[in-house]
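Given next are the chains, with one letter for each unit.
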Amino acid sequence: MTTMALSGKLTGAALLALAFYSFSDFSHVLILDSKLVRNGEPEKTTLRDRLEPPDNYVAVQPSRCVMSPERRFDCARDRALSRRECEERACCYSPLNDSSKAPWCFYPHSYPGYKMSGLTPTLRGRTATLTRASSSYLPRDVATLHLEETQESEGCLHLTLKDRWSDRYEVELPAGVPKGKTSSQDALYTIEYQSNPFGFIVRRASNGRVIMNSTVAPLFFADQYLQLSTTLASSLVSGLGEHYTSLSLDLNWTSLVLWNRDMAPHADANLYGSHPFYVVQEGDGFAHGVFLLNSNAIEVILQPLPALTWVSTGGILDLYIFMGPDAQTVTRQYLQIIGYPMMPPYWSLGFHLCRWGYKSTNVTRQVAQRMHDANLPMDVQWNDLDYANKGRVFTNDPLQFGDIEEMVEEFHQRGLKYILILDPGISTTSPPGTYHPFDDGLKRDVFIKNATGQLLIGKVWPGATAFPDFTNPETRQWWEDCIVAFYSKVPVDGLWIDMNEPVSFESGSVEGCPDTDLENPPYTPRVVGGRLSSFTLCMSAQQNLSTHYNLHNMYGLTEAFATHSALVKARGKRPFVLSRSSFPSIGRFSGVWTGDVRSNWEQLRYSIPSVLKFNLFGVPLVGADVCGFGGDTTEELCVRWMQLGAFYPFMRNHNDRPYAPQEPFVFGQKAQAAMRSALNLRYALLPFLYTLFHHAHISGDTVARPLFMEFPTDPHCQMIDRQFLWGSCLLISPALEEGAVEVAAYMPPGTWYNLHSGQPSYSKGEYLLLSAPLDIINIHVREGHIVPQQEPALTTTVSRRNPFLLTVALSAGGSAQGDLFWDDGDSIDTFEKGSYCYAIFTAGHSQLVSEPIRQNGALDGLILRRMQVFGVPSPPQYVVANGEKIMDFTYNADTKVLNVSSLALPMSKMFTVQWAL
């Protein structure tokens, strides 16, 4: 019996029509309303359109369409559908008012899909076959799928869905977890399957909470369209970069596109990197993460149910589900799959200075000299593309940069490092025999080809350019040869790889792109420019591994890998690479910066969630261009940005040619003093920061850390992204508003000590109003922690030889702990080779003990000169260091801070400092 939703009056003919269609196994959902409006216009459909089903029509029972708007999963992502078109897909059609973002065309309950066969046990999981009884509405549907369920570890479930009979492109990362056998009894999850239509439900084993539920919407798997939906355990979702968003994502029908693009950060745009990984805070301290290993163009749809839908334009569905049980553990589990980040050179943690517009070696020298004369710390001087002859990489302008070799040698003699930019686009317009990188690359067949096998020519700064295919081993060798040859003339200390999304100013190529399904897929995510080839290469371009359609998002990763390896060969030291484009596992080879940010207060604020998200993605060496890249900064903005930038893991001031200079020395004396103070504070804390990078490198810890990661059960910390932590104990609360002289900072429960004064704040978990004059950034040390510091200097070459300071922040019980990792700061794989020092600091019972766990000589000659102990309850009667009385100490009764000076304790040996109360 047909059931219909009726509105308004029906004519006799219409009633006859209803009677005619009343005998059907399924029901045709109708909403008849003469006042239907969509997008402000009356819907133009005839009564025949509404009543007459099409050929091969699959009707839908109205009961299967009854659901609240937030539970609707869009059946028309590929295009706007009329009622008739929607119902031809056997989907429900129900318009909503204009204020709702929920779809009008959506899947009914139990929409037909794949049917799963019985599960077959394997050594580390189970497999099954999925089949479709009939094709979906998608072109080139895949009828039979292979499901593989694998337990990678007790906290990591791996699910793959791929074509059962035909090979498709699959991403292979250069890192993976050991494939050892694990017992399912130890798993932190359970998984159950719905056989028809296919779906799965993953639960947390300890409490039964649903982590993923894909039964709420159908699975689709076609040649160029893959779709998987799931509910979310809470609305607290972070990740899915790279986008200009808050740390906690908006789930009100938000669409996030992952497609690498040269695009200055702003809302609702796909930016430079793609990281299909998210973390969900479950609301009670538990957290989990999900990673879709897929390099094709992806759109992620978030809806307020809460739920999420993955849509990919190719590849396979390769899902990793990380059970934590907390957010920090989720990140470690993720990095076990993609690889732990590289250990940066020590000097790279200093201050970097760059500008597009340092037009000569003399200008570049003057900048470095003015920094030195102003007593402003700096470690690395950079040059943008100004150095290159006619924009061609691996060359230097013979007039303005003819003595670049001498300049670099001068910098090295002063303890400075030097980095320049290296774009991937290779000029093709030089006369044969005059530009070796292109001539040799052409000979060795290293460049990307077009669909007909000819050289693909795009356009970048030097004009017509070819693009190296870094998936080709011969290309990597050619790239290494180019870098080694250039290094023999210009001994750079690192390389900056830009424009590597990759960018072509002529979208596709100078000759356009062929009209194929790769260029015009059935579904294109909402990318900036509307086409996948916009501002980049043709999708049909041929690379060694596959088409650019499949490899585009990995271009920056493959270039970073090649550049990292080439620098190892050229320098024989720890490489430094900075990339703009990124993809999972790039942290193993490179740092990242957040691109062409604008010089304004909003971008200052949004830089914090950007930095925090990259730490979740396994790229701890990250920062935004301090003071902004585009636009004119102001003195106040630049001071505040220098203060915040002093706590980016990677700190570089960089701006664009047309705008006002923003080097620290161009501002007034008060502003310079504030910037100098921020830089000195960073340099003093570099031993602590370097130790955090050591832990990131060996165990996947985050360096810049969201508060929710350290305080998972505190609901106040769940969405904070105007403050952040270094490690577990240093709380940074910057001023982010113009004219601000105070900062409302959240202090999690416990005692927090002002790093400058030792003044304690005893918090029950509350916001405190902190004084924030222009020369101050508020930094607090968490009770129970010890922070190693060093006397700052103008370069790390000098500061690394200076005496140490230990800041001891005692807990209420009088204890604290800390550590120090120390090596030569520049050699390769020092931890792996055992060529390092490691010391543990422990405070308790009114004494501090330093215990060297490992020594290799790197700390020889370095001493502890000073110690400050926060939270000493009463004045000490005396202080003893290694059994000898120390006379040079003070105690502040107001702040309860003990300062011990004039120490000379070798950092390479065990020592004890006691204070008698």
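We now turn to the structure provided with this report. (Residues numbered from 1 in each chain as written. Predicted model: local features only at pLDDT ≥ 70, side-chain atom pairs only at ≥ 80, totals over all residues. Heavy atoms only, no water.)

**Thoughts on the overall build of the protein**
Link 1 in the chain: Broken down by element type, the protein carries 16 helices and 53 strands.
Link 2 in the chain: The C-alpha radius of gyration computed for the protein amounts to 30 Å, which stays within 12% of the reference 29 Å derived for 917 residues, consistent with globular compactness.
Link 3 in the chain: Projected onto its principal axes, the C-alpha positions of the protein cover 105 × 75 × 55 Å.
Link 4 in the chain: The proportion of buried residues among the 917 residues of the protein is 62%.
Link 5 in the chain: Excluding contacts between residues fewer than 6 apart, the proportion of contacts in the protein whose partners are at least 24 apart in sequence is 69%.
Link 6 in the chain: As displayed, the protein offers around 33,400 Å² of accessible surface, 50% of which is attributable to carbon and sulfur atoms.
Link 7 in the chain: Mean positive and mean negative side-chain charge positions of the protein (74 and 92 charges, respectively) differ by 2 Å. (Helix = DSSP H or I, 4+ residues; strand = E, 2+ residues; numbered from the N terminus. Rg over C-alpha atoms; globule rule 2.2 N^0.38 Å. Buried < 20%, exposed > 50% of the residue type's maximum accessible area, 1.4 Å probe, protein only. Contact = heavy atoms within 4.5 Å. Areas by Shrake-Rupley, 256 points an atom, 1.4 Å probe, with all protein chains shown as cover. Lys, Arg positive; Asp, Glu negative; His and termini not counted. Charge placed at Lys NZ, Arg CZ, Asp CG, Glu CD.)

**Examining the side chain of Arg800**
Link 1 in the chain: Note that Arg800 resides in the loop between helix H15 (796–799) and strand S43 (804–809).
Link 2 in the chain: Despite being buried, Arg800 has no salt bridge partner; Asp823 is the closest side chain of opposite charge, sitting 5.0 Å away.
Link 3 in the chain: From its side chain, Arg800 meets the backbone oxygen of Asp823 in a polar contact 2.6 Å long.
Link 4 in the chain: When sequence neighbours within four positions are dropped, the list of residues in contact with Arg800 reads Tyr346, Gln790, Trp822, Asp823, Asp824, Gly825 and Leu862. (Salt bridge = Lys/Arg side-chain N within 4 Å of Asp/Glu carboxyl O. Polar contact = N/O pair within 3.5 Å; in protein donor to acceptor, adjacent residues only side chain to side chain.)

**Some words on the packing of aromatic side chains**
A ring pair, where both rings are aromatic, is described by two values, the distance of the centres and the angle of the planes.
Link 1 in the chain: Overall, the coordinates contain 46 aromatic pairs when judged by the stated rule.
Link 2 in the chain: Ring geometry for Phe291 versus Tyr320: centroids 5.9 Å apart, planes at 25 degrees, classification stacked. Here Tyr320 lies in strand S21 (residues 317–322) and Phe291 lies in strand S18 (residues 287–292), a separation of 29 residues in the sequence. As far as burial versus exposure is concerned, Phe291 and Tyr320 are alike and both buried.
Link 3 in the chain: Considering the side-chain rings of Tyr346 and Trp822, the 5.4 Å spacing of their centres and the 70 degrees angle between planes classify their relative orientation as edge-to-face. (Phe/Tyr/Trp six-rings, centres within 6.5 Å; stacked < 30°, edge-to-face > 60°.)

**Things to note about the sheet that holds strand S38 (residues 750–754)**
Link 1 in the chain: With antiparallel pairing, six strands are arranged side by side in an open sheet as S34-S35-S36-S41-S38-S39. Where the open sheet ends on each side, the last strands, each with one partner, are strand S34 (704–705) and strand S39 (760–763). (Pairing = 2+ DSSP bridges.)

**Regarding helix H4 (residues 327–338)**
Link 1 in the chain: Relative to the 16 Å expected for twelve residues at 1.5 Å per residue, H4 spans 17 Å between its end C-alpha atoms, a close match to the ideal helical length.
Link 2 in the chain: Here H4 lies mainly inside the structure; ten of its twelve residues are buried.
Link 3 in the chain: Here H4 starts with a cap whose side-chain oxygen sits 3.2 Å from the backbone nitrogen of Gln328, and that cap is Asp326.
Link 4 in the chain: Phi turns positive, to about 105 degrees, at Gly339, one or two residues after H4. (Expected span 1.5 Å × (residues − 1).)

**Points about the pattern of salt bridges**
Link 1 in the chain: Counted under the stated rule, the structure contains 36 salt bridges.
Link 2 in the chain: For Arg571, the salt bridge goes to Asp493, with nearest N and O atoms at 3.7 Å. Taken together, the residues span a long stretch of sequence, with Arg571 in helix H10 (residues 555–571) and Asp493 in the loop between helix H8 (473–489) and strand S28 (494–497) at a distance of 78 residues.
Link 3 in the chain: The exposure class of Arg571 is buried, given its relative accessible area of 11%.
Link 4 in the chain: Its salt-bridge partner being Glu737, residue Arg722 comes within 2.6 Å of it at the nearest N-O pair. A residue pair is termed long-range when its members are at least 10 positions apart, and Arg722 in the loop between helix H14 (707–710) and strand S35 (724–726) and Glu737 in the loop between strand S36 (730–733) and strand S37 (742–747) qualify at 15 residues.

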